[in-house]
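Geometric and topological summary
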Amino acid sequence: MRILVSGGAGYIGSVTSAALLDAGYDVVIFDNLRQGHRQAVPAAATFVLGDLNNIAEIRATFEAHGPFDGILNFASHTLVGESMQHPEYYLRDSVVAGINLLTVAAEHGVKAFILSSTANLFDDPAKMPIDENERIVPGSPYGEMKAWMERALYWYERVHGIRYGALRYFNACGCTPTIGEHHDPETHLIPLILQVALGQRESIAIFGDDYPTPDGSCVRDYVHVSDLASAHILTLQALLNGGASRRYNLGNGGGFSVKEVIQAVRTVTGHEIPAVVAPRRAGDPATLVASSDTIRNELGWEPRYATIESIIESAWAWHQQHPHGYSE
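Residues numbered from 1 in each chain as written. Predicted model: local features only at pLDDT ≥ 70, side-chain atom pairs only at ≥ 80, totals over all residues. Heavy atoms only, no water.

1. Brief notes about the packing of helix α4 (residues 87-107) against helix α5 (residues 141-160)
Just so we agree on the cut-off: Note on geometry: axes are C-alpha line fits, over the in-contact stretch for helices, and angles between N-to-C directions span 0 to 180 degrees. Note on conventions: DSSP H or I runs of at least 4 residues are helices, E runs of at least 2 residues are strands, and numbering of each starts at the N terminus. Our angle categories are set so that under 35 degrees counts as roughly parallel, over 145 as roughly antiparallel, 65 to 115 as roughly perpendicular, and the remainder as oblique. Handedness of each helix crossing follows the sense of rotation of the near helix against the far helix: counterclockwise by less than a right angle gives left-handed, clockwise gives right-handed. Contact definition: two residues touch when any of their heavy atoms are within 4.5 Å. For this classification, the nonpolar set comprises Ala, Val, Leu, Ile, Met, Phe, Trp, Tyr, Cys and Pro, the charged set comprises Asp, Glu, Lys and Arg, and every other residue, Gly included, is treated as polar.
For the pair α4 and α5, interaxial distance at closest approach is 9 Å and the crossing angle is 20°. Taken together, α4 and α5 sit at an angle that is classed as roughly parallel. Along this stretch, α4 crosses α5, giving a crossing that reads as right-handed. Along the contact surface, α4 presents P87, Y90, L91, S94, V95, G98, I99, L102, T103 and A106, while α5 presents P141, Y142, E144, M145, W148, M149, A152, L153, Y156 and H160. Along the lines of polarity and charge, the residues of the contact of α4 with α5 split into 15 nonpolar, 4 polar and 1 charged.

This is the structure:
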């Protein structure tokens, strides 16, 4: 089977593309390299440089490399903070890009579509961990865009019969031996702490240590990127086998505090990792943890990287080999 992976040169998309290849799929990656890296593209994948905002380029890719049995869409702007400054990148550009891809998928009779969604859909959860029945209250234009895309999937199924999976998660993290995490600018906690261990940053900031959590610092869900890749593939296989559309929240279950993550990096790297307490950031909830009970029960998904130490070990191994990330 042949799968189109849009945004497949990005962090999660490239790891998932490699996992698809290992599972025996043919993979075509479509990416504009605005946030992705050509070096992250697996050698066995076909790479197409293109932009989802140009529907002609999507159609040309389908004509040249199709037909596609399924699509995994990781392509979008991805920074919550940026979305608060430039909502047009998210509420216009990323939505148009996603609708363009769905439109061409419908034209070519694609029947399985996986959206890389977000747990930023849930800015005001009534209970923790957050399950799929939680009301959707997006916390940013980024989260709003993903909510719109999930609604678009609902209508494209009703009108065109495209079955879909929407996977929501908080913090993707960790690396594989060959594919790592490199953002510009870097905003994710684990690579920022590792920059301290690499001597590229003097200290790491803890934004608030007086939250109602066991150690006073915020608790967040961290899921290894390889475990996210396996969830995407399990969902794809369920759809390709005729299963119904579905939405899954993905998480490790318990979450880890900022202080726990810093201590784990100290343990794994052997570096001191100075930490400085800074004022709280506006809008930071004390705890955000997703429940993955539904996908565990329905598809048998089980994270292989259940401890924060195992996640950091994988990231530290890659960052030591690539202290400045990708060169292109």
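Now, onward.
2. Description of α4
Short version of the rule: One fewer than the residue count of a helix, multiplied by 1.5 Å, yields its expected span.
In this model, α4 (21 residues) spans 29 Å end to end at C-alpha, consistent with the 30 Å of a helix rising 1.5 Å per residue. For α4, the elements touching its buried residues are β1 (2-6), α2 (55-65), β4 (70-73), α3 (80-85), β5 (112-116) and α5. G109, located one to two residues past α4, shows a positive phi value of around 70°.

3. Some words on the sheet that holds strand β12 (residues 256-257)
Just so we agree on the cut-off: Pairing between strands is defined by DSSP: at least two bridges between the two strands are required.
One open sheet holds the 3 strands; their spatial order is β12-β9-β14, and the pairing between them is mixed. A single partner strand is all that each edge strand has here, and the edge strands are β12 and β14 (287-288). Of the strand pairs in this sheet, strand β9 (residues 219-220) and β12 are connected by 2 bridges, and their pairing is antiparallel. Looking at the pairing, V219 lines up with S257 of β12.

4. A short note on the packing of helix α6 (residues 189-197) against helix α10 (residues 308-321)
At a minimum axis separation of 11 Å, α6 and α10 run at an interaxial angle of 60°. Relative to α10, α6 is oriented oblique. Here α6 and α10 pass one another in a crossing that is right-handed. Where α6 approaches α10, its residues I190, P191, L194 and A197 are matched on the opposing element by I308, I311, I312, A315, W316 and H319. In the contact of α6 with α10, the residues fall into 9 nonpolar, 1 polar and no charged.

5. A word on the sheet that holds strand β2 (residues 26-31)
The strand order β3-β2-β1-β4-β5-β6-β11 describes an open sheet built from 7 strands, whose pairing is parallel. Of all strands in the sheet, those bounded by a partner on one side alone are β3 (46-49) and β11 (246-250). Averaged over all adjacent pairs, the angle separating strand axes in this sheet is 15°, with direction ignored. Summarising the sheet, β4 and β5 pair through 3 bridges and their orientation is parallel. Bridging from a neighbouring strand, N73 pairs with L115 of β5. Against the sheet, α2 makes contact with β1, β2, β3 and β4, and its axis sits at roughly 160° relative to β2, the strand it touches most. Against the sheet, α4 contacts β1, β4 and β5, and its axis sits at roughly 175° relative to β4.

6. Some words on the packing of aromatic side chains
Cut-off, in case you're wondering: Aromatic rings from Phe, Tyr and Trp, with only the six-membered ring used for Trp, were paired whenever their centres fell within 6.5 Å, and each pair was classed as stacked if the ring planes differed by under 30 degrees, edge-to-face if by over 60, and tilted otherwise. Only protein chains enter the calculation, and the probe is 1.4 Å; a residue is then buried if its accessible area is under 20% of its type maximum, exposed if over 50%, and partly exposed in between. Sitting over a ring, as applied to charges here, requires NZ of Lys or CZ of Arg to be within 6 Å of the ring centre and within 35 degrees of the ring normal.
Enumeration over the complete set of coordinates arrives at 5 aromatic pairs. Ring geometry for Y154 and W155: centres 5.0 Å apart, planes at 80°, overall edge-to-face. Residue classification places Y154 among the partly exposed positions, given a relative accessible area of 27%. A relative accessible area of 43% means that W155 is categorised as partly exposed. Over the aromatic face of Y211 sits the side chain of R280, whose NZ or CZ is 3.9 Å from the ring centroid.

7. As for the pairing of β5
For β5, the buried fraction is high: 5 of the 5 residues fall into the buried class. Of the two faces of β5, the one carrying A112, I114 and S116 and the one carrying F113 and L115 are both buried. Here β5 runs beside strand β6 (residues 163-169); their pairing, made up of 5 bridges, is parallel. Residue pairing for β6: I114 is matched across the bridge by G165.

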